[in-house]
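Listed below are the residues making up each chain.
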Amino acid sequence: MPGEKKSTSKRSKAASAAVPDSMDVVLEDSISITDKDLAFEEDLLRNPYSLRHWLRYLDHHASSPIAQQFVVYERAVKELPGSYKLWKAYLDLRRQHLSKRDLPYVKAQEEWESVDDCYERALVLLHKMPRIWIDYLEHLMATPRITKTRKTFDKALRSIPITQHIRIWSLYLGWAKKIGGETALKVYKRYLKLEPNHGEDYVDLLVSLARYDEAASRLCKMINNENFQSRHGKSHYQLWRQLCDIICSHPKDVKSLPIERIIRSGIKRFTDQTGRLWNDLAKYWILLNHFEKARDVYEEAVTSVMTVRDFTQVFDAYAEFEESVISAKMEAAEVAEAEGEEVDQMDLDMRLMRLERLMERRPFLVNEVLLRQNPNSVHEWQKRVELWGDNAQKVVETYTKAVTTIHPKKADGKFNSLWINFAKFYEEGNDITSARTIFEKATKVNYKTVNDLADVWCEYAEMELRNENYDAALQVMGRATIPSKQKNIAFHDE
């Protein structure tokens, strides 16, 4: 009869139309049917398996109390348990209602678990639908139930096709990284079996968890794998740089790798970054408190680098290291003196002398770097002679090494000027005999041009004139003008 309310309940025909807003599990026998619902109910009696009729009925109840909407949805999915459209709309409504109430899991555990139950029932027949799994997992990720969430992730991966796994893994990895600990490590290890090229993310996770030894080992494997391609666009050197940063910053934690051998191989491999790598090796020994080994590394570096840039990097770090050691010794001496203990002044003086000596060697070390770059540079050899100043023994050694090292045809600069200056050095020391010996050797050198040889003969004769040996000067010029017996010499080679 119109206007009369009829209840679907078999146990109570006088049920109230008012339904509580909050309920754990919505039961079908809590709905009241009004006159406006009769037409829809009759259609559903005739077509209980028609998705279109259920959607029309749900649209009709769109403005009804939320509990009444839940009851209609429960009736619909009971009749059509395999309908993705019905389940998706119902589950979205349940989650939306839960989020509007803004109740955390600890305060509304039963309501959260009732939503879990809805998802579990939906996945009985819709377990191949990634979207349902993703929504369910996002719902679980908002709760502190780590074990249940992890097991649900695993269940999702077992249920959906492998071609859809990436959608689950993107959530799984983000959640695992947020959780951290052993859970995150186990999840990432599993993922690497599927995608081995994602090792960089695993290394970052290991570093964030202070697992430096395993991180270094994993990076080392990636570097040694010639087929490895960085997903983040890192070059081979950048990976090597990351490895050096880990092992040099945490030398006491990394025990499974031969650190010194690794860094030395990097020095040979990346010749444009030798200065930085030498500093890394020295830093490694410093952090282990092996200061003498660190000093040996610095000494080896400043005498082997090939560019001024690398030398500057190493030398500055070397000087800073010596200064820090001296500062620490001075502070320790002040404390000992204040406590009335004996101070080892000799050790402190020795370290100060060592630093002073290092600073004095700097111009010579820079010169050695430039000569390693170009051993045929006449200018740099002459500059090295000037650095020795009044040290006659070192000057002679430098001139001797220069004239034996430089290739006459590859000389960068006037090679004959080096011979001439060598002879003049002896002349200025009143050792004319040695000066003549040098000139005699200089006249036998195969210079680039004949003019270079002519200059040597002229300087030879002028030396004799300066010392008033006129006959000897005439003999020198006479020998210079005699045509050479070697037919392969071209006197017009310019």
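Just above, that's the structure.
Rules behind the numbers
Residues numbered from 1 in each chain as written. Predicted model: local features only at pLDDT ≥ 70, side-chain atom pairs only at ≥ 80, totals over all residues. Heavy atoms only, no water. Helix = DSSP H or I, 4+ residues; strand = E, 2+ residues; numbered from the N terminus. Rg over C-alpha atoms; globule rule 2.2 N^0.38 Å. Buried < 20%, exposed > 50% of the residue type's maximum accessible area, 1.4 Å probe, protein only. Contact = heavy atoms within 4.5 Å. Areas by Shrake-Rupley, 256 points an atom, 1.4 Å probe, with all protein chains shown as cover. Lys, Arg positive; Asp, Glu negative; His and termini not counted. Charge placed at Lys NZ, Arg CZ, Asp CG, Glu CD. Core = buried A, V, L, I, M, F, W, Y, C linked by side-chain atoms within 4.5 Å. Polar contact = N/O pair within 3.5 Å; in protein donor to acceptor, adjacent residues only side chain to side chain. Salt bridge = Lys/Arg side-chain N within 4 Å of Asp/Glu carboxyl O. Expected span 1.5 Å × (residues − 1). Phe/Tyr/Trp six-rings, centres within 6.5 Å; stacked < 30°, edge-to-face > 60°. Lys NZ or Arg CZ within 6 Å of the ring centre and 35° of its normal. Axes fitted to C-alpha atoms, helices over the stretch in contact; angles between N-to-C directions. Parallel < 35°, antiparallel > 145°, perpendicular 65-115°, else oblique. Left-handed = near helix turned anticlockwise from the far one by under 90°.

Caption draft 1: Molecular detail of the overall build of the protein chain. Assigned secondary structure in the protein chain consists of 23 helices and two strands. For the protein chain, the C-alpha radius of gyration of 44 Å lies well beyond 23 Å, the compact-globule estimate for 494 residues. If you line up the protein chain on its principal axes, its C-alpha atoms span 150 × 75 × 35 Å. Within the protein chain, the proportion of its 494 residues that are buried is 42%. For the protein chain, restricting intrachain contacts to residue pairs at least 6 apart in sequence, the fraction spanning at least 24 positions comes to 55%. Counting only carbon and sulfur atoms, one obtains 52% of the accessible surface of the protein chain, whose full area is about 28,100 Å². Taking the 74 positively charged and 76 negatively charged side chains of the protein chain as two groups, their mean positions are separated by 10 Å.

Caption draft 2: View of the nonpolar core. Counting residues in each nonpolar core, the largest one holds 101 residues, and the members touching the most others are Ile-168, Ile-247, Ile-263, Trp-278 and Phe-311. Discounting residues that sit within four places of it in the chain, Ile-263 has contacts with Cys-244, Ile-247, Cys-248, Leu-277, Asp-280 and Leu-281. In this structure, Val-378, Phe-415, Ile-420 and Ala-435 belong to the second largest nonpolar core, which totals 30 residues.

Caption draft 3: Region of the structure containing the side chain of Asn-416. Mapped onto the fold, Asn-416 is located in helix H20 (residues 415-428). The class of Asn-416 is buried, set by a relative accessible area of 3%. A polar contact is formed between the side chain of Asn-416 and the backbone oxygen of Asp-452, at a distance of 3.2 Å. Separated by 3.5 Å, the side chains of Asn-416 and Asp-455 make a polar contact.

Caption draft 4: The pattern of salt bridges, seen in detail. Inspection of the entire model under this criterion finds 30 salt bridges. One salt bridge connects Lys-189 with Glu-214, and the closest N-O pair in it is separated by 3.7 Å. Pair noted here: Lys-189 is in helix H9 (residues 181-194) and Glu-214 is in helix H11 (residues 212-224), with a separation of 25 residues, a long-range link. On the basis of relative accessibility, which here comes to 37%, the residue Lys-189 falls in the partly exposed class. Taking relative accessible area as the criterion, Glu-214 reaches 27% and is therefore assigned partly exposed. Lys-394 is the partner of Glu-397 in a salt bridge, and the nearest nitrogen-oxygen pair spans 3.7 Å. Highlighted residues: Glu-397 and Lys-394, both in helix H19 (residues 392-405), separated by three residues, approximately one helical turn. In this structure, a network of salt bridges that share partners links the residues Lys-88, Asp-92, Arg-95, Arg-131, Asp-135 and Glu-138.

Caption draft 5: Expanded view of the environment of Leu-58. Secondary-structure assignment places Leu-58 in helix H2 (residues 51-60). Dropping the residues within four chain positions of it, Leu-58 is found in contact with Val-72, Tyr-73 and Leu-86.

Caption draft 6: Structural detail: helix H16 (residues 308-338). The end-to-end C-alpha distance of H16 is 44 Å, a good match for the 45 Å that 31 residues give at a rise of 1.5 Å each. At the exit of H16 stands Gly-340, carrying a positive phi of roughly 80 degrees.

Caption draft 7: Focus on the packing of aromatic side chains. Summed over all chains, the structure comprises 26 aromatic pairs. Put simply, the rings of Phe-153, Trp-169, Tyr-172, Trp-175 and Tyr-191 pair up and form one aromatic cluster. Of note, Arg-94 hangs over the ring of Phe-70, and the distance from its end group to the ring centre comes to 4.6 Å.

Caption draft 8: Structural detail: the packing of helix H3 (residues 66-79) against helix H4 (residues 84-101). Where H3 contacts H4, the two axes come as close as 10 Å, and the packing angle between them is 155 degrees. As the angle between them shows, H3 and H4 are arranged roughly antiparallel. Of the two elements, H3 crosses H4, and the hand of that crossing is left-handed. Of H4, the residues touching H3 (which contributes Ile-66, Gln-69, Phe-70, Tyr-73, Glu-74, Ala-76 and Val-77) are Leu-86, Trp-87, Ala-89, Tyr-90, Leu-93, Arg-94 and His-97.

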